[in-house]
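Architecture and fold: a report
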Amino acid sequence: QVQLVESGGGLVQAGGSLRLACAASGSIFSIKAMHWYRQAPGKQRELVAAITSGGSTNYADFVKGRFTISRDNDKSSLYLQMNSLKPEDAAVYYCAVEVDAVVDGQAGSDWDWGQGTQVTVSS
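Notes on the structure follow. Small disclaimer: the values here were computed from a predicted structure and weren't measured.

**Some words on the sheet that holds strand S3 (residues 18-26)**
Read from one edge of the open sheet, four strands run S1-S3-S8-S7, paired in antiparallel fashion. The sheet terminates laterally at strand S1 (2-7) and strand S7 (67-72), the two strands that pair on one side only. Averaged over all pairs of adjacent strands, the angle between strand axes in this sheet comes to 15°, irrespective of strand direction.

Here's what the structure looks like:
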């Protein structure tokens, strides 16, 4: 099990930047991949970006060229650098990790989630 604590959310003007951070503790050596999700009011939660333990990254189309996901292994932390923020980026942003686990008697993954951090973008 991994515990996740997020920080860095807040209020920013359109066109501005924020850097979100997620500190992981517990069974951090079992982490296979780390992810950022977001959920706006009245909308379903959606994947923003992901990074594997090997460093490969994936981004949703709506953030490509603006957001960067990274991991600081020394600090066991996940980051999301958000530039050129738009009003439609306003949401609660969640950190999530995939953890090695035994599922149905074989190697698989379990998921742990942070509490979420609010990002508000003013027009």
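Having seen the structure, we can now continue with the description.
**Some remarks on the packing of aromatic side chains**
Counted according to the given criterion, the structure contains three aromatic pairs. Relative to Trp 113, the ring of Tyr 37 has its centre 5.1 Å away and its plane inclined at 55°; by these criteria the two rings are tilted. Here Tyr 37, found in strand S4 (residues 31-39), pairs with Trp 113, found in strand S10 (residues 106-113); they are 76 residues apart in sequence, far enough to count as distant. Aromatic ring contacts, followed pair by pair, group Tyr 37, Trp 111 and Trp 113 into a single cluster. In this structure, Arg 45 is placed above the aromatic ring of Tyr 94, and the distance from its NZ or CZ to the ring centre is 3.8 Å. Across from the ring centre of Trp 113, 4.9 Å away, lies the NZ or CZ of Arg 45, which sits over that ring.

Rules used throughout
Residues numbered from 1 in each chain as written. Predicted model: local features only at pLDDT ≥ 70, side-chain atom pairs only at ≥ 80, totals over all residues. Heavy atoms only, no water. Pairing = 2+ DSSP bridges. Helix = DSSP H or I, 4+ residues; strand = E, 2+ residues; numbered from the N terminus. Axes fitted to C-alpha atoms, helices over the stretch in contact; angles between N-to-C directions. Phe/Tyr/Trp six-rings, centres within 6.5 Å; stacked < 30°, edge-to-face > 60°. Lys NZ or Arg CZ within 6 Å of the ring centre and 35° of its normal.

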